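Residue strings, one per chain:
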Amino acid sequence: SLDGEAELIPIVVRAQQLHLALQTSRAHFTAAWNYVDAFLQLGHDEEEDPQHAAFMYRFLRQVMMARRAILLIDGLDEGGSSYEEIRRHVVEVLAPQGHVVVATSRPGSIRADQFGGFHMLSLSCLSDEQQRQTLTQRLGSEEFADSLLEYVTEYMPVDSDSGGRISANPLMLSLFASVYELRQGIAMPTTTAELYQIASEAMLTRGGITSIELRKLLQVVFFRAQVSGHRVITADDLAAAATSIGGKGDGAHAALSELKGRVLRGHMPLFALLQAEPLQVQSSHLSFQEYFAARALCKPGTPLAGTPPPWQWPIGWANTVTIGEGMGDAFGKGLVRLAGVRGGELNLSGENGGAKLGG
């Protein structure tokens, strides 16, 4: 509840799913009272039990009409090309209609002047004590928690935004804990790149043996998604990635079938299944897409057609670069290939103020 008033019922709408619905059912949204109402109706129309679906939609609609809902718009920065439209709808429609709205986004992806009348809040990083408590509960021992935190302090880089431990980020803390559990008696990794490598390998093996061709396909799929700036990956995107690396053999297309089958069976934890038909997936967390994009750049055979040069990368590539730095020379050479360096010299004449950088 807010300020002791009646309790509110949360209604969660993920921005990337709203983006997809806007692309495929534009007329439905145009005629709706608001986008959340249209989204809920479309979602419940897909349920197997029509009577239950109709009841749930009517219930949630009534909650909204009575202003007894709190609308959670999750991941505004993941709305793709619909970001600006969704943002305007939040500010110009949902808020004026009197709904309580909480919209989330990655730091640095929104501006305060775009949300007039809204309160801007930032989630604080986990304090040292909160990290210790979380790890003690997860690992079952204060000794293990302290040992892991000592490792993080000694070997891991500080967070570029907060200047504190990188483990102050809840996702990174969870990754550290998972890897620590896997590597009892084995030295922990000393870079974030190695950390993601171990975590992603654990997620891959959870679904069974993974072929070399499937691993190559995963890298290209995530790399292409990073280049396009889209979280949602369609069946056409998967097929295009397979074609780009397939050559004359059938290995890539066999890997494509393997990937689809594992996703549909729930045996590919690196992907979150959005819908089965037509197939739509996304990385289970954006940071894994960024890790695989960095790894793809390290591979000389990665198809780079259509990829902007590094000096034109948007802010969404920042974490990819941070992870790639931990991959050493291979990542640097990938950036050089992408930049089109010839003869040890990068000529940016006409590209970046006429600069010319020697290599």
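Further up the page is the structure itself.
1. Some words on the sheet that holds strand β6 (residues 280–283)
- As summarised here, the arrangement of the three strands in space is β4-β6-β5, forming an open sheet in which the pairing is antiparallel. The open sheet has two edge strands, β4 (233–234) and β5 (271–275), and neither has a second partner.
- Taken together, the four bridges between β5 and β6 define a ladder with antiparallel strand orientation. For Ala272, the partnering residue across the bridge sits in β6 and is Gln282.

2. Brief notes about the packing of helix α10 (residues 212–228) against helix α12 (residues 251–264)
- In contact at an axis separation of 8 Å, α10 and α12 are set at 80° when each is read in the N-to-C sense. Accordingly, the angle class assigned to the pair α10 and α12 is roughly perpendicular. Residues Glu213, Leu214, Leu217 and Leu218 of α10 form the contact with α12, whose own contacting residues are Gly251, Ala252, Ala255, Leu256, Glu258, Leu259 and Arg262.

3. Things to note about the sheet that holds strand β3 (residues 100–103)
- Pairing is parallel in the open sheet, where three strands are placed in the order β1-β2-β3. What marks the edges here is a single partner per strand, and that holds for β1 (9–14) and β3. Neighbour-to-neighbour, the strand axes of the sheet open up by a mean angle of 20°, direction not taken into account.
- Two elements, strand β2 (residues 69–74) and β3, share four bridges in a ladder whose sense is parallel. Each bridged residue has a counterpart across the sheet, and for Leu72 the counterpart in β3 is Val102.
- Against the sheet, helix α4 (residues 50–65) makes contact with β1 and β2, and its axis sits at roughly 110° relative to β1, the strand it touches most.

4. A word on helix α9 (residues 192–205)
- With 14 residues, α9 ought to run about 20 Å at 1.5 Å a step, and its terminal C-alpha atoms sit 20 Å apart, in line with that.
- Looking at α9, one finds that the buried residues are Thr192, Ala193, Leu195, Tyr196, Ile198, Ala199, Ser200, Met203 and Leu204.
- Structurally, α9 contributes buried residues whose contacts are with α8 (170–182), α10, α12, α13 (286–297) and α14 (318–325).

5. Regarding a nonpolar patch on the surface
- Judged by side-chain polarity, Ile9, Phe55 and Phe59 come together as a nonpolar surface patch covering roughly 260 Å² of accessible area.
- Secondary-structure assignment places Phe59 in helix α4.

6. Side note on the pattern of salt bridges
- For the structure shown, the criterion picks out 10 salt bridges.
- The closest approach of N and O atoms between Glu84 and Arg88, which form a salt bridge, is 3.9 Å. Residue Glu84 and its partner Arg88 are both found in helix α5 (residues 83–94); the two are separated by four residues, about one turn of the helix.
- Judged by its relative accessible area of 31%, Glu84 falls in the partly exposed class.
- Salt-bridge contacts for Glu129 lead to Arg132; the nearest nitrogen and oxygen are separated by 3.6 Å. Of this pair, Glu129 and Arg132 both sit in helix α6 (residues 128–139), three residues apart, roughly one helical turn.
- Among the residues examined, Arg132 registers a relative accessible area of 26% and is labelled partly exposed.
- The network of salt bridges with common partners includes Glu84, Arg87 and Arg88.

About the thresholds
- Residues numbered from 1 in each chain as written.
- Predicted model: local features only at pLDDT ≥ 70, side-chain atom pairs only at ≥ 80, totals over all residues.
- Heavy atoms only, no water.
- Pairing = 2+ DSSP bridges.
- Helix = DSSP H or I, 4+ residues; strand = E, 2+ residues; numbered from the N terminus.
- Axes fitted to C-alpha atoms, helices over the stretch in contact; angles between N-to-C directions.
- Parallel < 35°, antiparallel > 145°, perpendicular 65-115°, else oblique.
- Contact = heavy atoms within 4.5 Å.
- Expected span 1.5 Å × (residues − 1).
- Buried < 20%, exposed > 50% of the residue type's maximum accessible area, 1.4 Å probe, protein only.
- Patch = residues over 30% accessible without salt bridge, like charges linked within 9 Å, V, L, I, M, F, W, Y side chains within 5 Å.
- Areas by Shrake-Rupley, 256 points an atom, 1.4 Å probe, with all protein chains shown as cover.
- Salt bridge = Lys/Arg side-chain N within 4 Å of Asp/Glu carboxyl O.

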